Structures are given as structure tokens and as C-alpha cells.
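Each chain is listed here by its residues.
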Amino acid sequence: MKILLVDDEKINTLSASRLLEKHGFTVTVATNGREALDKLHEDDFDCIFMDIQMPEMDGFEAISRIRDDFVFGDKSKVPIIAMTGHCYEEAFEQLEKAGVKYYICKPFDFSSMLDVIKEATGQSNMEAG
């Protein structure tokens, strides 16, 4: 399974990508929304982990552009999992309005990541690694 991991915090991307790769996932890292759009143009992904607060282009803007099916075609439907430290109802409602059904609260662990990947991709019997 190919995952696009988008976060501007180097420690977050390093630890998350190592955990995911250790369990059999292929991970591509982008450090902001603009890089994420470029990577999505270049390749296909099974899901995207998108940090919400980033410089240059934040997660909301990147999500809005990804969801534009005129630009991304079928890729506009890729499951996006928001990564946020703002874990309260109003923030979740904003994410839903932006086109995100799945989210994970920071800090997170691999078990939480795997659970949300399974839910977002509909692969409930998936076992990583």
C-alpha cells in the first residue's frame, strides 16, 4: 500500500514513515501542501496523511485542490486522513466540510494509524508487515 505522508515537522515524518515502512507500507514524504500536490501529480497513492497546519500551503488548501476532480480526476477521491493537534468537534466539522472523513489526533501511535488506514481504505482485514 502506497501512502503519501504530508507534514512539515521532520521528526513527525521520520518517525511515522519509519513505522509505516517497517510494517510493509511504501511511504512518500512531502513537507507542505504544494509538494503534496506535485507528488500526487507524479504518482498514485492508496491514502494520504495530511497535516493541517503547514507553511507555504496548509492542509486545508491542499485538500481543496486535491478534491478538484477537474485537475486530479480519479485521484481526487483518494482517502485523506487529516493529522491535527486540534481535536475537538468544531475542528472535525471543518475537516468534513473540506472533504475529509478521517482524522487522527497528534500525538499518535502506529496502532491508531493502522486503524484509520483500514477504515479509510475499507480494508478491514489488512495486516501491515
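Since the structure is predicted, the reported quantities are computational estimates derived from the model, not experimental observations. Residue numbers run consecutively from 1 along every chain, following the written order of its sequence. Local features are withheld for residues below a pLDDT of 70 in this predicted model, meaning they are given only at 70 or higher, and side-chain atom pairs are given and counted only at 80 or more; totals for whole chains, interfaces and linings count all residues. Side-chain metrics in this entry use all non-hydrogen atoms of the structure; hydrogen atoms and water are not considered.

**Some points on the pairing of strand S5 (residues 102-105)**
As a general feature of sheets, a regular strand has side chains that alternate between the two faces. Working definition: with a 1.4 Å probe on protein chains only, accessible area under 20% of the residue-type maximum means buried, over 50% means exposed, and in between means partly exposed. Only DSSP runs of H or I covering at least 4 residues are called helices, and only runs of E covering at least 2 are called strands; the numbering of each starts at the N terminus. A one-sided burial pattern is seen for S5, the buried positions being Tyr 102 and Ile 104 and the unburied ones Tyr 103 and Cys 105. In this analysis, strands are considered paired if DSSP registers two or more bridges between them. Looking at chain direction, strand S4 (residues 80-84) and S5 are connected through four bridges and run parallel. Along S5, the bridge assignment pairs Ala 82 with Tyr 103.

**Examining the state of the cysteines**
We call a pair of cysteine sulfur atoms a disulfide whenever their separation is within 2.5 Å. A full pass over the atoms with the stated rule returns zero disulfides. No disulfide involves Cys 47; its nearest neighbouring cysteine sulfur is the one of Cys 105, lying 17 Å away. A relative accessible area of 0% places Cys 47 in the buried class.

**So, the pattern of salt bridges**
The working definition used for a salt bridge is a side-chain nitrogen of Lys or Arg within 4 Å of a carboxyl oxygen of Asp or Glu. Under the counting rule described, the total for this entry stands at six salt bridges. Note that Asp 43 is salt-bridged to Lys 2, the shortest N-O span being 2.6 Å. Pair noted here: Asp 43 is in the loop between helix H2 (33-42) and strand S3 (47-51) and Lys 2 is in strand S1 (residues 2-6), with a separation of 41 residues, a long-range link. Given the relative accessible area of 29%, Asp 43 is considered partly exposed. Taking relative accessible area as the criterion, Lys 2 reaches 29% and is therefore assigned partly exposed.

**Notes on H2**
Taken together, the buried positions of H2 are Gly 33, Ala 36, Leu 37 and Leu 40. Across the axial projection of H2, the buried residues extend over an arc of 100°, all falling on one side. Any two residues whose heavy atoms approach within 4.5 Å at even a single point are treated as in contact. Elements in contact with the buried residues of H2: S1, strand S2 (26-30), S3, helix H3 (59-66) and helix H4 (69-72). Pairs of N or O atoms are called polar contacts if they sit within 3.5 Å, as long as, within protein, a hydrogen donor faces a hydrogen acceptor (for residues adjacent in sequence, only side-chain-to-side-chain pairs). Taking the backbone nitrogen of Arg 34 as reference, a side-chain oxygen 2.9 Å away marks Asn 32 as the first, capping residue of H2. The reported arc concerns the directions from the helix axis to the C-beta atoms and nothing else.

**Thoughts on the environment of Thr 84**
In this fold, Thr 84 is placed in strand S4. The buried category is assigned to Thr 84, whose relative accessible area is 5%. Distance in space between the C-alpha atoms of Thr 84 and Asn 12 is 12 Å, their sequence separation being 72 residues. If sequence neighbours within four positions are ignored, Thr 84 has contacts with Ile 52, Ile 104, Cys 105 and Lys 106.

In short, geometric facts, not functional conclusions.
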